[in-house]
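Residue strings, one per chain:
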Amino acid sequence: MVVFLGLPLVIYLVFVISPFVQAMYYSLTNWSGFSDKMPFVGFDNYVKLFHDDIFMLSVRNSIILAIFLPIITVILSLVLATLVTIGGSSRGQIKGLKGSGFYRIVSFFPYVIPAVVIGIIWAQIYDPSSGLLNGILTGLGFDGLKSYPWLGDPRTAMIASMVVIVWGFVGFYMILFIAAIKGIPAETFEAARIDGAGRFRTATTITIPLIRDNIQTAYVYMGILALDAFVYMSVLNSTGGPANSTLVMSQKLFTTAFSKGQFGLACAMGVVLAAITLLFSALVFLVNRITGGKQDVSE
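Quick caveat: nothing in here was measured; it's all calculated off a predicted structure.

1. Comments concerning the environment of A115
- Secondary-structure assignment places A115 in helix α5 (residues 115–125).
- For A115, a relative accessible area of 22% corresponds to the partly exposed category.
- On a C-alpha basis, the gap between A115 and A229 in space is 9.8 Å, while along the polypeptide they are 114 residues apart.
- When near neighbours in sequence (up to four residues on either side) are disregarded, A115 contacts V231 and Y232.

Quick look at the structure:
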């Protein structure tokens, strides 16, 4: 018992808790990252952060992503998963749309592409002069969008970046929800059909409650990714976008550490990011519990 419990605990303490404690200590110093000298400055780094307008803007951008990306991704994934599992004919056997296997493969394909490659592909699609998007839109008669800088306009840069991230992950969470829906007995859906429940009511009263834990897990993971989003944002807009409209906390942290050599201040940013991530996860679990997440809906 001690071996089975103690060894994983030691590994967790060494490789997870210990680095985090070290980062917290470094955040209280003026460490440059390239010297063995670490002058202790206390909470000066945190005071500096909350007086830094650019950092606070990056916090706002990260929170915006954490609010909207999970909602959009989870809803789209859930709708698509429902269509390919139980969205077929309302008569006969419960099944998905015709050709649902093909839809699963196609939708999952973006997830197997590295994030850097996805960013490069979409940067080319958004290119104002030769991008595919502007070419299609102008071909459809939207001449006002000719040479429009989707990633260069503060009004659209964040939205365009969110589209890329959703495109990259909606297929993965769709497969996750498909597996969860497949675990629901077909008799449950057949009983709802006999009772006259429509597709929307079946989804809201049967499908969603029975896969609630899967939805919560997907929401938390997507929210954590949204709070980071370093790779996508760096490839699409390496400088943080126009007027820092797409700058996220991880980008600011990276620049502070490796471009300015302020590792102590960067560690403080990392601690703030970790605190926001933990708070986000706690809120999701709390909301799930308050709204009946622990109730047994199968009875």
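Resuming the write-up.
2. Some points on the pattern of salt bridges
- With the rule as written, the count across this model stands at two salt bridges.
- D52 is the partner of K252 in a salt bridge, and the nearest nitrogen-oxygen pair spans 3.9 Å. Separated by 200 residues along the polypeptide, K252 in helix α12 (residues 249–259) and D52 in the loop between α2 (44–49) and α3 (53–86) bring together distant segments of the chain.
- Exposure remark for D52: the relative accessible area of 23% places this residue in the partly exposed category.
- We note a salt bridge from R155 to D153, for which the minimum N-O separation is 2.7 Å.
- Classification of R155 as exposed rests on a relative accessible area of 63%.
- Its relative accessible area of 10% is what places D153 among the buried residues.

3. Considerations on the nonpolar core
- Grouped together as the largest cluster of nonpolar side chains are 43 residues, with contacts concentrated most on L65, L69, F177 and I211.
- Counting only elements with at least two residues in this core, the list comes to α3, α5, α7 (157–182), α8 (186–194), α10 (212–228) and α11 (230–236).
- Among the elements that line this core, the one with the most residues is α7, at 13 residues.
- Those residues in contact with F177 that sit more than four places away from it in its chain are V74, S77, L78, A81, I211, N214, I215 and A218.

4. Observations regarding the packing of aromatic side chains
- In the structure shown here, the tally under the stated rule is 17 aromatic pairs.
- Measuring from ring centre to ring centre gives 4.8 Å for Y26 and W31, while their planes differ by 40°; the resulting arrangement is tilted.
- A residue is classified by how much of its surface remains accessible, and W31, at 15% relative accessible area, is buried.
- Taken together through their ring pairs, the aromatic side chains of Y25, Y26, W31, F34, F230, F254, F258 and F263 make up a single cluster.

Criteria and thresholds
Residues numbered from 1 in each chain as written. Predicted model: local features only at pLDDT ≥ 70, side-chain atom pairs only at ≥ 80, totals over all residues. Heavy atoms only, no water. Helix = DSSP H or I, 4+ residues; strand = E, 2+ residues; numbered from the N terminus. Buried < 20%, exposed > 50% of the residue type's maximum accessible area, 1.4 Å probe, protein only. Contact = heavy atoms within 4.5 Å. Salt bridge = Lys/Arg side-chain N within 4 Å of Asp/Glu carboxyl O. Core = buried A, V, L, I, M, F, W, Y, C linked by side-chain atoms within 4.5 Å. Phe/Tyr/Trp six-rings, centres within 6.5 Å; stacked < 30°, edge-to-face > 60°.

By themselves, these figures tell us nothing about what the structure is for.
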